[in-house]
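Descriptive structure summary
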Amino acid sequence: MGAIEIGLAALFGAIVGSFLNVVIYRLPLGQSIVYPSSACPKCNNNLKPWHNIPILSWLFLSGKCAYCKESISVQYPLVELASALIAASIIAKMGLTVQSSLVAVVFLLLLTLSVIDYYYKMAPDSLNLLTLTLAILVIFTPQDLLENFKNALLLAGGMALLRFYLSYYLFVKIRGMSINLKKSPWTKNYNALPRMVEAMGEADIMVAATMGALLGVKLALCAIFLSAIIAMPFMLLQRGKSDEEQRVPFIPFLAVATLIVYLLDSQIYRFLEGLYA
Ligand SMILES: [Zn+2]
């Protein structure tokens, strides 16, 4: 792949990232993502086109609104930069094809879901299901469609089972701590327990399905394992904090691990083959 193609992919990715920032801001608020054009949330002045250049505008304005000097979140240039890197790395790996473009879009949507999950500790089903559907549609032969769907189902099912195990473990732990719960039969309490006991959100299950469709079962399991390793230091940092603060958004870790495994798939396959040789 030539440097020019990769550079163009990065540029295109940064522009898409600029739009994703709008989606991240407006979708959870239930606002239209196409209208009106971007304005400063503080002073409501419309942004001029040169205030909207991905990454560069934020740097030139030193992270402040051009009108009221309200600081603009570093999220904006970071999402644009991440989008540029995602598009460039996928095109560098796969070349410019219909499939590679679709894969890049899936990863850009995973980025969007990650940032929303980071802020809200939940992710919109609309975006999550769109991501899953597009991931299933990444096919090279007609048979791939069924294969992708099957892998999505396997990962979603596996994640749902894991969720039952973890929730049960947390349930037993809480029950053990509380004398009140101990004395009454479990049938009285199981459903009455706070939602906190749910170890994973439904959004994680949909993302797992996307991972299955995109990576296949073996690599998707590697990616889930890798996401747990990356998440561990963050989880440990939350120890001793309140229950609400202890809830770490997990989609960012799943997304990062999925991208790493997708880019390094042949190396990981070789490593796995070495393990069983
Ligand atoms: Zn302003």
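None of these values were measured; they are calculated from a predicted model.

Overview of the overall build of the protein chain
Secondary structure summary: the protein chain contains 12 helices and zero strands in total. Reading the secondary structure of the protein chain in the N-to-C direction produces α-α-α-α-α-α-α-α-α-α-α-α. Counting over 277 residues, the protein chain shows a buried share of 30%. Considering only residue pairs separated by 6 or more positions, the protein chain has 70% of its internal contacts joining residues 24 or more positions apart.

Details of the environment of Asn52
Secondary-structure assignment places Asn52 in the loop between helix 1 (3-26) and helix 2 (56-60). Judged by the 15 C-beta atoms lying within 10 Å of it, Asn52 falls in the partly exposed class. Separated by 34 residues in sequence, Asn52 and Ser18 have C-alpha atoms that sit 7.8 Å apart. With residues near it in sequence (within four places) discarded, Asn52 still touches Ser18, Ser38, Leu47 and Ser57.

What to know about the packing of helix 9 (residues 202-237) against helix 11 (residues 251-263)
Interhelical geometry of helix 9 versus helix 11 gives an angle of 100° and a closest axis separation of 7 Å. In terms of their interaxial angle, helix 9 and helix 11 are classed as roughly perpendicular. Residue classes in the contact of helix 9 with helix 11 are distributed as 19 nonpolar, two polar and one charged.

With respect to the packing of helix 5 (residues 125-136) against helix 9
Closest axis-to-axis distance for the helix 5/helix 9 pair is 8 Å, and the angle between their directions is 15°. It follows from the interaxial angle that helix 5 and helix 9 lie roughly parallel. Of the two elements, helix 5 crosses helix 9, and the hand of that crossing is left-handed. Residues Asn128, Leu129, Thr131, Leu132, Ala135 and Ile136 of helix 5 lie in contact with helix 9, whose contacting residues are Ala203, Met206, Val207, Ala209, Thr210, Ala213 and Leu214. Of the residues belonging to the contact of helix 5 with helix 9, the class tally is 10 nonpolar, three polar and no charged.

Some thoughts on helix 5
Along its 12 residues, helix 5 runs 16 Å from first to last C-alpha, staying within 8% of the 16 Å computed at 1.5 Å per residue. Among the residues making up helix 5, those that are buried are Leu127, Asn128, Thr131, Leu132, Ala135 and Ile136.

Describing the nonpolar core
Grouped together as the largest cluster of nonpolar side chains are 60 residues, with contacts concentrated most on Ile86, Ala87, Phe107, Leu111, Met211 and Ala223. If you list the elements that add at least two residues to this core, you get helix 1, helix 3 (75-94), helix 4 (98-120), helix 5, helix 6 (143-177), helix 9 and helix 11. In this structure, this core is formed jointly by two domains, domain 1 (1-96) and domain 2 (124-277), each of which donates at least three residues. Ignoring any residue separated from it by four or fewer positions in sequence, one finds Phe107 in contact with Ile86, Ile90 and Leu259.

Rules and cut-offs
Residues numbered from 1 in each chain as written. Predicted model: local features only at pLDDT ≥ 70, side-chain atom pairs only at ≥ 80, totals over all residues. Helix = DSSP H or I, 4+ residues; strand = E, 2+ residues; numbered from the N terminus. Buried ≥ 20, exposed ≤ 12 C-beta atoms within 10 Å, placed from the backbone. Contact = placed C-beta atoms within 7 Å. Axes fitted to C-alpha atoms, helices over the stretch in contact; angles between N-to-C directions. Parallel < 35°, antiparallel > 145°, perpendicular 65-115°, else oblique. Nonpolar A, V, L, I, M, F, W, Y, C, P; charged D, E, K, R; others polar. Left-handed = near helix turned anticlockwise from the far one by under 90°. Expected span 1.5 Å × (residues − 1). Core = buried A, V, L, I, M, F, W, Y, C linked by C-beta atoms within 7 Å. Domains from an automatic or database assignment.

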